[in-house]
Amino acid sequence: MAAPCAEDPSLERHFKGHRDAVTCVDFSLNTKHLASGSMDSCLMVWHMKPQSRAYRFTGHKDAVTSVNFSPSGHLLASGSRDKTVRLWVPNVKGESTVFRAHTATVRSVHFCSDGQSLVTASDDKTVKVWSTHRQKFLFSLSQHINWVRCAKFSPDGLLIVSASDDKTVKLWDKTSRECVHSYCEHGGFVTYVDFHPSGTCIAAAGMDNTVKLWDVRTHRLLQHYQLHSAAVNALSFHPSGNYLVTASSDSTLKIVDLLEGRLLYTLHGHQGPATTVAFSRTGEYFASGGSDEQVMVWKSNFDVDDGDAAKGQRPRAALASSSRNLPDVDFRLPGRARSQESAQSVPPPREPASSPQALTSTLEHIVGQLDVLTQTVCILEQRLTLTEDKLKQCLENQRLIMQRVTP
């Protein structure tokens, strides 16, 4: 088996300019520019060419929480705690248009692959879709019952995935505006979510220190990683689909081989929580940001030749079939060298030499029962939350009545 990297990932560039924690990073399509947002309310656009000047864009009145280049690279979207979204022309003038997108902090902005739509997520518990060029509101998705941390379009633009503090990941059909499925396996707030480049699965990061991957067609849990010792704040797929990089409050970045379901590298660089990470569109680089106010650019050094490019198509089938004959449970990979981190994963299945039909049928039945149990728990959790909200409202109403009665 060929080594995944010609050499270890290496720190390529180091940008300093923000005056507070870096919250988000994104590369332009041609990888000539890198945008970053910060708690200092500023947006920086860095030139990847050495000795080039950076642009500092000001306009937001509070922390910048998310940045995303349009597919063409002619626009840059940003979301902020000031409840607005800005669309910038990323040049020296730094011109922008602004619109009040939500009634609370905007946590996430993401362009559709055709550049015509923008999806935003907010602490007001909604996901909203906008027309990019007219900044016209199109529709809202409103089934989350807590802050929505992240929302992304699928590569084909037909689906939307969202992650929330209600501990769920929701998959939406953009055309019907219906929630297709709710993934309820996270044990804490879900901080980040994104689609695999093939569009056939999603990965979500959580405050429970885990990363989970699901098939968007069968909705089954494919892989489960317990790599970090603190919350996972962000993740990004390599364009080949073979690798995933994560950023955590334990100050590390980790790179996972998705085909083998194992940890490849742990990268130390940030002094304090690593808050964001993103691969470039070519996969040659990835950038990270942290609470140490620094933006770091790393060279991937992945040895992606024609054979690996072909291999990159495998996750579509391999990941999608990884739960075909196995119940969705977590187990350590057999035969792997134990590192200080544990990688829990459901790897692509290897057909047994002689698998009894009865055993296969029994396991498939268990998987079905687990799916039903998961959905039941999810529904009960939502009902409990609604009941708690109603109880709080009743107590508040009783308090107000007592105040009026008491002379």
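Residues numbered from 1 in each chain as written. Predicted model: local features only at pLDDT ≥ 70, side-chain atom pairs only at ≥ 80, totals over all residues. Heavy atoms only, no water.

Caption draft 1: Structural view of the overall build of the chain. Helix and strand content of the chain: three helices and 28 strands. By residue count, 55% of the 407 residues in the chain fall in the buried class. If you take every contact in the chain between residues at least 6 apart in sequence, the share linking residues at least 24 apart comes to 48%. (Helix = DSSP H or I, 4+ residues; strand = E, 2+ residues; numbered from the N terminus. Buried < 20%, exposed > 50% of the residue type's maximum accessible area, 1.4 Å probe, protein only. Contact = heavy atoms within 4.5 Å.)

Caption draft 2: Seen up close, the nonpolar core. Counting residues in hydrophobic clusters, the biggest one holds 47 residues, and the most contacted among them are Val-169, Ile-202, Val-211, Leu-213, Leu-253, Ile-255 and Phe-286. Ranked by residues supplied to this core, first place goes to strand S19 (residues 201-206) with five residues. (Core = buried A, V, L, I, M, F, W, Y, C linked by side-chain atoms within 4.5 Å.)

Caption draft 3: Local environment of the environment of Arg-53. Tracing the backbone shows Arg-53 in the loop between strand S4 (43-47) and strand S5 (55-57). Given a relative accessible area of 71%, Arg-53 falls into the exposed group.

Caption draft 4: Local environment of the side chain of Thr-120. With respect to the element layout, Thr-120 can be found in strand S11 (residues 117-122). Assessed through its relative accessible area of 0%, Thr-120 is described here as buried. There is a polar contact of 2.7 Å between the side chain of Thr-120 and the side chain of His-102. For Thr-120, the side chain forms a polar contact with the side chain of Trp-130, separated by 3.0 Å. In this view, Thr-120 contacts Val-85, His-102, Val-106, Ser-108, Val-109, Thr-126, Val-127, Lys-128 and Trp-130; residues no more than four positions away in its chain are not counted. (Polar contact = N/O pair within 3.5 Å; in protein donor to acceptor, adjacent residues only side chain to side chain.)

Caption draft 5: The sheet that holds strand S14 (residues 148-153), seen in detail. Strand order in this open sheet of four strands is S14-S15-S16-S17, and the pairing throughout is antiparallel. Pairing within the sheet leaves two strands with one partner each, and these edge strands are S14 and strand S17 (178-183). Looking at each pair of strands side by side, their axes are set apart by 20° on average, direction ignored. The pairing of S14 with strand S15 (residues 159-164) spans five bridges and is antiparallel. Note that in S15 the partner of Lys-152 across the bridge is Val-161. (Pairing = 2+ DSSP bridges. Axes fitted to C-alpha atoms, helices over the stretch in contact; angles between N-to-C directions.)

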